[in-house]
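Residue strings, one per chain:
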Amino acid sequence: MRNLCGAALVALIIAGCSQPQEGANDAGDDSAEGANTASATENTGDAQTMEATQSNNADEASDEKGPVRPSTDPFPSTYEPYPSDTVVITGATVLTATGEEIENGSVVIEGGKISAVGAAGDVTEPEGATFIDASGKWVTPGVIDIHSHLGNYPSPSTQSTSDGNEATSPNTAQVWTEHSVWPQDAGFTRALAGGVTAMQILPGSANLFGGRSVILKNVPSRTVQGMKFPDAPYGMKMACGENPKRVYGQQGGPATRMGNFAGYRAAWIEAAAYRDKWDKYWTDYEEWAVDKKDDDEKPEAPARDLKLETLAGALRGDIRVNMHCYRGDEMVQVLDMAKEFGYKVSAFHHAIEAYKVADYLAENGVCAAMWADWWGFKLEAFDAINENAALVHEQENSCAIIHSDSDVGIQILNQEAAKAMSAGRRIGIDITPKDAIAWITANPAKSMGILDQTGTLEAGKAADIVVWSSNPFSIYTQAEQVYIDGALLYDRNDPARSPRMDFELGQRDNKFTGGAGQ
Amino acid sequence: MSMRKISLLITGAVALASGAVASAQTTAIMDGRVITVSGDVIEGGDVIISNGRITQVGADLSAPSGATVIDATGKVVTPGIIAPYSTIGLEEIGLDAEANDASPAREIGFPLGAALDAIDAYNPSSILIPINRAGGVTRALSTPEAGDSIFGGQAALIDLSGDVDSVMQPRVAQVAMLGFSGAARAGDTRMGAWAFIREYFDEARSYASNPNDYVRRSRDPRFSLSDLKALGPVVSGAQTVIISANSANDIRNVIRLKNRYRLKVVIVGGSEAWRVAEDLRNADIPVILDPLFNLPAQFEDLDATFANAGRLHDAGVTIGLYNPQGFAAHNLRTLTQQAGNAVANGLSYEGAMAALTLGPATMLGVDAQLGSIEAGKIADVVVWDGDPLEVTTQPEAVFINGVAQSLENRQTMLRDRYRDLSRGDLPHAYRGATK
């Protein structure tokens, strides 16, 4: 069997992989073993972890500039758009992802932004623009994957590249997955050839709290910072159900679903106290500053704790909660827990049973990120139905998302959306491409907090655009051109616009051909 | 005429109406686009099924008296999809040991490999069967996966009727792991895997040549007699061995192995098979591959490309498809999607249809009975509501051994139960509970 450990399914099973030689079906068990091994050699225990993640706040103290405020962006994005032309894409069927399908439409790119979208006759064409005849082709916003492990479970998949799961403690909210992302993962280039312009990279699902996610532009860079989506909020990964049980059941727990919830709630209680401690410090500091009291009465900043800082950020609403959760009953319990502690779940990921609780999800304004038809690799994935996304979509105020969690699936998200759309239509739900395209563009952008910048074809937004050879809901259709911030970064017909990662250089047979390393 | 005209829009009714009837029934599928695979596409074609066999194929045929007539106008008629490498019937849930018999657990020292026989575990009541059948899959190789041995055991060819007698042919093929998968079971080196397999084949030959003498000799206890016995048909060339290999180099070695032991070989994996396509054709080795694989996932996959299927087909290599993404059992129904992607990346449409049907039948040695729409063949036939390679297409009728199959399954029942989320007069647990 071909080894897929770390590459695809393993991420959703446990997303850890000590033995990459194993087939996908073995991967889950092996990942659990991998976690054991890692734990035995690396687990520092909660107390030590706390110590290790606390830093000396004295370094950050600054009397002149006011109270200590830990940086919320210590690894800032250095992404800059590549040069772009003024381009008019004309004659295409345009899916705006705002619910419109425009026949013979035009999309105008100026300064890296979309300056106009509309029927060909209605759009002002800037002087000196390059015209791209896209007759017969379709144009959509760039595809966005809300759930990817590119970079933290990269190709090649070996023990040395398995960086997705800090499976050393059930709560590793202190880790930031951007520190695991290898920007040389060839998977980024394949995703680009599938029309993907942005994605959220998440830590794995071994832990109750897996750590921070990072949102990337799919533009190759020497550094992760060079890929980071500017001004995108952080996300945090949490996991329901089987995985934490499986990984920690034999090593201190949680061993049960009730143990999972006890673990979440204990952490939220601690996080709320941490948040309140900092809030009090800032309030006290302001009062102190007004009265200009003596230095020795100056309030002392609390000790920083990276784990609690992330959790407190989630409670404040600054960090979006991405909850891996298969079962509907567990999702509704999570919604109650979110109310108990005053935070919001942005999306349930791998929401196999979302259709059983689609009304609850809509009422609470929570997105469901789903596969079209993956199922059955574990018991909590046993009740999948093909109509899941369509039934979620059917609710008023719904937010259905098709995600991949796979370095192959991310290349064909258009096909996955097509499957889910088609399944819905067969039971009489009126869904057409103009609606379903939002499942892989606008809706993930909304959940990830970047809809103001991308995710639809609207004037003023980033020119993140895919020109498809035909209807993207057909199996035979391929992304022909992919623009990110107006820069043409992939062109199926131009090898010079087809990235190759460092790892691939000199490895390939000299007869090898294909776009984006395909 | 007592013909019953049945609307394909109510596929459940088709299935229920005819599913109970034994194989003595006659069915006439009329006026469809018939993709025969072995011959031309017949526009407005008719397929007559009787007593489990395809009896007539052509245009302008007359439906026999008493036949159940299916109006396939605007529909596409194909042979049933054959999955040549799957764990169907051997696992319900991969991660639950209680519901997974597909392979021995790893690293527990379980001693047997080649002796394992899929029919000892094959469960025709698996809920995976009706779910994949609804996707047009009618036959599959139920294939054990290797544990600590490089041999997985013996695979059975089954039909997806779910009937108790649905094992068409046991022990169709042996399974062996070479390449990186083999190395992982042989001291983490390919040298180990190759030494191991040669050693086993030599011992199996020795045992087969004189079993009575062999058992009296002193021998290395590593060699289980039941494994050696099971390998007899492999080394005699009577039974196909499906060998996992990916890199061009590993595949060249498989060709040498085949020649040395005069084996019948099929390769599974084959991510770099396109690089040695000519050699494979000359050696008459078919390849079971995943066309949706284009990443350097391992150092044996550096030249993986979506163009693999097309290049192999163009070189004259017989190909079949599998879905290795942990869905070697659950999503055989996506083989059509994989085939469609192969077409988008250079495989001819005809080549894609063959890779789903006649190719697998050929490599499993049942092409005289299955894999195409021809008079005399077993009537595994699917009527699709459009191009079967499009993901927006679904089967409207599926016949196995000439019997119309139910397209209902656990997933459609869950769907129907939760279509209406309102509280109702009774809980959801009472809805659709009669089946």
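What counts, and where the lines are drawn
Residues numbered from 1 in each chain as written. Chains lettered and ligands numbered in written order. Predicted model: local features only at pLDDT ≥ 70, side-chain atom pairs only at ≥ 80, totals over all residues. Helix = DSSP H or I, 4+ residues; strand = E, 2+ residues; numbered from the N terminus. Buried ≥ 20, exposed ≤ 12 C-beta atoms within 10 Å, placed from the backbone. Domains from an automatic or database assignment. Contact = placed C-beta atoms within 7 Å. Nonpolar A, V, L, I, M, F, W, Y, C, P; charged D, E, K, R; others polar. pLDDT = per-residue confidence, 0-100.

This part takes up unusual backbone geometry. Working note: non-glycine residues mostly have negative phi, and peptide bonds are mostly trans. All names here are of chain A. Following Ser155, the chain continues into Pro156 via a peptide bond in cis, with omega recorded as 0°. Tracing the backbone through its elements, the reader meets Pro156 in the loop between β7 (143–148) and α4 (187–193). Omega for the peptide link from Gly253 to Pro254 comes to 10°, which places this bond in the cis form. Within the secondary structure, Pro254 sits in the loop between α5 (242–248) and α6 (257–291). Phi is positive for Asn397, close to 60°, though the residue is something other than glycine.

Across the eight residues of helix α11 (residues 349–356) of chain B, six count as buried, placing the element largely inside the fold. Regarding α11 of chain B, the residues found buried are Gly351, Ala352, Met353, Ala354, Ala355 and Leu356 of chain B.

This part is about the domain arrangement of chain B. All names here are of chain B. Considered domain by domain, chain B is made up of domain 1 (4–79 + 381–414) and domain 2 (81–363). Computed over C-alpha atoms only, the centres of domain 1 and domain 2 are separated by 31 Å. In this assembly, 22 residues from domain 1 lie in contact with 21 residues from domain 2. Elements supplying a minimum of two residues to the side of domain 1 that touches domain 2: β6 (76–79), β15 (381–384), β16 (395–400) and α13 (410–417). The biggest single contributor to the side of domain 1 that touches domain 2 is β16, with three residues. Taken together, the residues of the side of domain 1 that touches domain 2 break down into 13 nonpolar, seven polar and two charged.

Let us now look at the confidence of the model for chain A. Residue and element names in this part refer to chain A. Mean pLDDT over chain A: 89, with 86% of residues reaching 70 or higher. Here helix α2 (residues 24–42) stands out as the element of chain A with the lowest mean pLDDT, 33, in contrast to strand β16 (residues 400–402), whose mean of 99 is the highest. Low pLDDT (under 50) marks residues 1–11, which in the prediction has 63 contacts with non-local residues, meaning those over four places away or in another chain. The model gives residues 15–62 a pLDDT under 50, and that stretch makes 111 contacts with residues more than four places away or in other chains.

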